[in-house]
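# Summary of structural features
Residue-level listing of the chains:
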Amino acid sequence: MKKFDKERVLLAVAGPVIALAVAFVLSAIVLIASGKNPVEPFALMFEQAGFSDIQVLIVNQASMYYIAALAVAIGFRMNLFNIGVDGQYQLAAMMAAIVGAHANLPAALQIPLLLLTAALTGAFWSGIAGVLKITRGVSEVVATIMLNSIATAVIGYLWLPDVFGVKIGNNNTTGEMHESGWVPGIDMGAAGEIYGLVILAVVLGIGYWLVLNRTRFGFDLRASGASESAAAASGVSPKRMVLTAMLLSGGLAGLAGLPILLGDTHTYSLNFPTGIGFLGIGIALLGRNSPVGIAFAALLWAWLDKASPELDFHGYDKEIAVIMQGLIVLAVVVSYEAVREWGLRRQQRRVGAELAAGHVLGATDNTEKEVAGR
């Protein structure tokens, strides 16, 4: 491997490693300040990761985190901050649940219909922010935050018994979906089942990498994110790329809730997971928008979620995991900036050394010519 390639790999790895190390140290300081053992909570959580049932829970949770983080990452590649992934995924999951409860097609048609419903709903909801940005100049951050609130109101309306709601006790639901829309899981014996749509997360990750790195569209997307003016000069429409990126981001966000919807709950209710879209932001940051990096970050986040309940049985607050997640996000921002500055300084020194070497070589050649001329 060339020296330059090694430096690129080092820079790519340094940020996440520094962020995790800082987060662990700061979490330990918080524990010490509260009079608790700074090591035992982490040891307990690492121990939980060795149990097969916890591993299944981690993989299942990570599949949803991964898809949500990919949705965020597409926006990041275009310098867009799609903070509305949470609203897009929840509304999409509800619409898929409603369709699944009222349509009863063969599984070969029902499952694709539900996937398409979720993707189109998410794309439509994010597309509103995209249209506002390219036509009226409205920040996608403001628009998607407002759309999150509107999505919550729309969900509340759809839950009304006179609309699509089915009341079960004190729980609002959309009714149970027809079995033709259920996706069978991977049986792990006593450990439980891995969601069948974990495979969807893998496929989306591969597709994300191929599209961004092996297609003209992916190049245009990355070029537009790096410099809209340069992309426009090469014939790429920045407005079209902004809208396309928002639609793709929302489409992926719409799929984030389907692993648990089609693999476990089979209905959208008050118990459906929330906040996944916001967690996807931190996971995308930690994974540096790379499909492999995001996969490791999603597994880390899921591990913190699923291993932390054990802390309650040993006198520790499980919220230490939430604190650690927040510290990771803060550390990621700081460490990436520090690594970026370090990389720039190394590049400047290398360029300076090469220019100096070229100047010396040029002076030597001139001297040799003068001697030869004499």
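Residues numbered from 1 in each chain as written. Predicted model: local features only at pLDDT ≥ 70, side-chain atom pairs only at ≥ 80, totals over all residues. Heavy atoms only, no water.

## So, the packing of aromatic side chains
Applicable threshold: Centres within 6.5 Å make a pair out of two Phe, Tyr or Trp rings, where for Trp the six-membered ring is used; the pair is then stacked when the planes are under 30 degrees apart, edge-to-face when over 60, and tilted otherwise. Think of it in three bands: with a 1.4 Å probe and only protein chains considered, a residue is buried below 20% of the maximum accessible area for its type, exposed above 50%, and partly exposed in between.
Taken as a whole, this structure holds 7 aromatic pairs when the rule is applied. Between the aromatic rings of F76 and F81, the centroid separation amounts to 5.7 Å while the plane-to-plane angle is 50°, which identifies the pairing as tilted. With a relative accessible area of 30%, F81 lands in the partly exposed category. Judged by centre distance (6.3 Å) and plane angle (50°), the ring pair of F124 and W125 falls under tilted. What makes W125 buried here is its relative accessible area of 9%. Grouped by ring-pair contacts, the aromatic residues Y89, W159, Y268 and F272 constitute a single cluster.

## Focus: the environment of I83
Our working definition: The way it works is that DSSP assigns letters per residue, a run of H or I at least four long becomes a helix, a run of E at least two long becomes a strand, and they are numbered from the N terminus.
Note that I83 resides in the loop between α3 (52-77) and α4 (85-102). Overall, the relative accessible area of 17% leaves I83 in the buried class. Sequence spacing of I83 and L147 is 64 residues, and the spatial spacing of their C-alpha atoms is 9.6 Å.

## Re the UniProt feature "transmembrane region" (unreviewed entry) in the chain
Inclusion rule: UniProt positions are given in the numbering used here, feature names are shortened, and annotations may be inferred rather than shown by experiment.
According to UniProt, the "transmembrane region" (unreviewed entry) feature falls on residues 9-34, 54-76, 88-105, 111-132, 141-160, 194-212, 242-262 and 320-339. End C-alpha to end C-alpha, residues 88-105 measures 25 Å, and it is 83% helix and 0% strand. Across residues 194-212, helical content stands at 79% and strand content at 5%; the span's end C-alpha atoms are separated by 29 Å.

## Topic: the pattern of salt bridges
When the charged atoms of two side chains lie near each other, side chains of opposite charge can form a pair. Defined as follows: Definition used for salt bridges: Asp or Glu carboxyl oxygen within 4 Å of a side-chain nitrogen of Lys or Arg.
A full pass over the atoms with the stated rule returns 2 salt bridges. Linking K133 and E140 is a salt bridge whose minimum nitrogen-to-oxygen distance equals 3.0 Å. Taking relative accessible area as the criterion, K133 reaches 26% and is therefore assigned partly exposed. For E140, a relative accessible area of 7% translates into the label buried. A salt bridge links D220 to R216, with the nearest nitrogen and oxygen atoms 3.0 Å apart. Linking D220 with R216, this pair stays in helix α8 (residues 216-226), spanning 4 residues, or about one helical turn.

## Section: the side chain of S308
To keep things clear, this is the line we draw: Any pair of nitrogen or oxygen atoms within 3.5 Å is treated as a polar contact; in protein, a donor-acceptor pairing is required on top of that, and neighbouring residues in sequence qualify only through side-chain atoms on both sides.
Here S308 is to be found in the loop between α13 (291-307) and α14 (319-373). Under the relative-accessibility criterion, S308 is labelled buried at 6%. A polar contact is formed between the side chain of S308 and the backbone oxygen of D305, at a distance of 3.2 Å.

## Considerations on a nonpolar patch on the surface
Note the following rule: Only residues above 30% relative accessible area that lack a salt bridge enter a patch, with like-charged residues linked at up to 9 Å and the nonpolar side chains Val, Leu, Ile, Met, Phe, Trp and Tyr linked at up to 5 Å. Surface accessibility in these figures is a Shrake-Rupley result with a 1.4 Å probe; residues are shielded only by whichever protein chains are displayed.
On the surface, a nonpolar cluster with roughly 380 Å² of combined accessible area is contributed by I18, V22, V25, L26 and I29. In this fold, I18 is placed in helix α1 (residues 3-33).

## A short note on the environment of V56
Here is the rule we go by: Two residues form a contact once any of their heavy atoms are found within 4.5 Å.
Structurally, V56 is set in helix α3. Measuring from C-alpha to C-alpha, the distance between V56 and Y195 comes to 8.9 Å, with 139 residues separating the pair along the chain. When near neighbours in sequence (up to four residues on either side) are disregarded, V56 contacts M188, A191, G192, E193 and I194.

## Digging into the side chain of S180
Here S180 shows up in the loop between β2 (171-173) and β3 (186-187). Owing to a relative accessible area of 15%, S180 belongs among the buried residues under this scheme. A polar atom in the side chain of S180 sits 3.3 Å from the side chain of N104.

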